[in-house]
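Listed below are the residues making up each chain.
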Amino acid sequence: QVRIVESGGGLVQPGGSLRLSCAASGSIFRFDAMGWYRQTPGIERELVAVITSSGNTNYVDSVKGRFTISRDNAKNTVYLQMNNLKPEDTAVYYCNVKYYIGIGDARPLGSWGQGTQVTVSS
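Note that the structure is predicted; figures quoted are calculated from it, not measured.

## Description of the sheet that holds strand 1 (residues 3–7)
Stage number 1. An order of 1-3-8-7 is seen for the four strands of this open sheet, with the pairing classed as antiparallel. One side of each edge strand has no neighbouring strand; the edge strands of this open sheet are strand 1 and strand 7 (67–72). For this sheet, the mean angle separating the axes of adjacent strands, direction not counted, is 15°.
Stage number 2. In this structure, strand 7 lies alongside strand 8 (residues 77–82), joined through six bridges in antiparallel fashion. Residue T68 lies in a different strand from strand 8, and its bridge partner there is Q81.

See the structure below:
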């Protein structure tokens, strides 16, 4: 069974910073893309940032220049560094991990974490 655990959320003032971590464990042969999503009540879950297996990254326009996604393959962990946080960044942040369970797999599976709350308020 694959387990995804997020951490690092909390309450921060506007302009502050947080770093989210997402650690994966279980029967995983190789990781593929990893991403961070966020969700607030009444709106769809939004893709915030994604990082591919080769290290290429993409971000939603609203966080470009402020957020940075990175991964440490040796630790099976993906990070989201969030700087200059704004009240509109307030949301539950979820980690999604794509992975292969066998060397012969053609397409990856995916798992979600339980989410971590980020609140930006003065």
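## Considerations on the side chain of R66
Stage number 1. By the secondary structure assignment, R66 is in the loop between strand 6 (57–59) and strand 7.
Stage number 2. For R66, a relative accessible area of 8% gives the class buried.
Stage number 3. Within the structure, R66 has its side chain in polar contact with the backbone oxygen of N84 (distance 3.0 Å).
Stage number 4. For R66, the contacting residues outside a window of four places in its chain are Q81, M82, N83, N84, L85, K86 and D89.

## A word on the nonpolar core
Stage number 1. Within the largest apolar cluster, 27 residues are counted, with the highest numbers of intra-cluster contacts made by W36, F67, V78, L80, M82, Y93 and V97.
Stage number 2. When contributions to this core are tallied by element, the ones reaching two or more residues are strand 3 (18–25), strand 4 (30–39), strand 5 (46–51), strand 7, strand 8, strand 9 (91–100) and strand 11 (116–120).
Stage number 3. Counting residues per element, this core draws most heavily on strand 9, which supplies five residues.

## Notes on the state of the cysteines
In protein chemistry, a disulfide is the covalent bond that joins the sulfur atoms of two cysteines.
Stage number 1. Within the structure shown, the criterion is met by one disulfide.
Stage number 2. Disulfide partner of C22: C95, at an S-S distance of 2.0 Å. Torsion about the S-S bond of the C22 and C95 cystine: about -80°, corresponding to left-handed handedness. Here C95 lies in strand 9 and C22 lies in strand 3, a separation of 73 residues in the sequence. For the pair formed by C22 and C95, the shared burial category is buried.

## Describing the environment of L109
Stage number 1. Secondary-structure assignment places L109 in strand 10 (residues 109–112).
Stage number 2. A relative accessible area of 43% places L109 in the partly exposed class.
Stage number 3. Apart from the residues lying within four places of it in its own chain, the contact partners of L109 are V97, K98, Y99 and I101.

## Comments concerning the pattern of salt bridges
Oppositely charged side chains can pair when the atoms bearing their charge come close.
Stage number 1. Scanning the entire structure with this criterion turns up four salt bridges.
Stage number 2. A salt bridge links R38 to E46; the nearest nitrogen and oxygen atoms lie 2.9 Å apart.
Stage number 3. With a relative accessible area of 7%, R38 lands in the buried category.
Stage number 4. A salt bridge links K64 to D61; the nearest nitrogen and oxygen atoms lie 3.0 Å apart.
Stage number 5. By relative accessible area, which is 61% here, D61 ends up exposed.

## Observations regarding unusual backbone geometry
Stage number 1. We note that N76 has phi near 55°; this positive angle belongs to a residue other than glycine.
Stage number 2. With respect to the helices and strands, N76 occurs in the loop between strand 7 and strand 8.
Stage number 3. Within the chain, N84 stands out as a residue other than glycine whose phi angle is a positive 50°.
Stage number 4. Along the chain, N84 falls in the loop between strand 8 and strand 9.
Stage number 5. On the accessibility criterion, N84 (43% relative accessible area) is partly exposed.

Criteria and cut-off values
- Residues numbered from 1 in each chain as written.
- Predicted model: local features only at pLDDT ≥ 70, side-chain atom pairs only at ≥ 80, totals over all residues.
- Heavy atoms only, no water.
- Pairing = 2+ DSSP bridges.
- Helix = DSSP H or I, 4+ residues; strand = E, 2+ residues; numbered from the N terminus.
- Axes fitted to C-alpha atoms, helices over the stretch in contact; angles between N-to-C directions.
- Buried < 20%, exposed > 50% of the residue type's maximum accessible area, 1.4 Å probe, protein only.
- Polar contact = N/O pair within 3.5 Å; in protein donor to acceptor, adjacent residues only side chain to side chain.
- Contact = heavy atoms within 4.5 Å.
- Core = buried A, V, L, I, M, F, W, Y, C linked by side-chain atoms within 4.5 Å.
- Disulfide = S-S within 2.5 Å.
- Salt bridge = Lys/Arg side-chain N within 4 Å of Asp/Glu carboxyl O.

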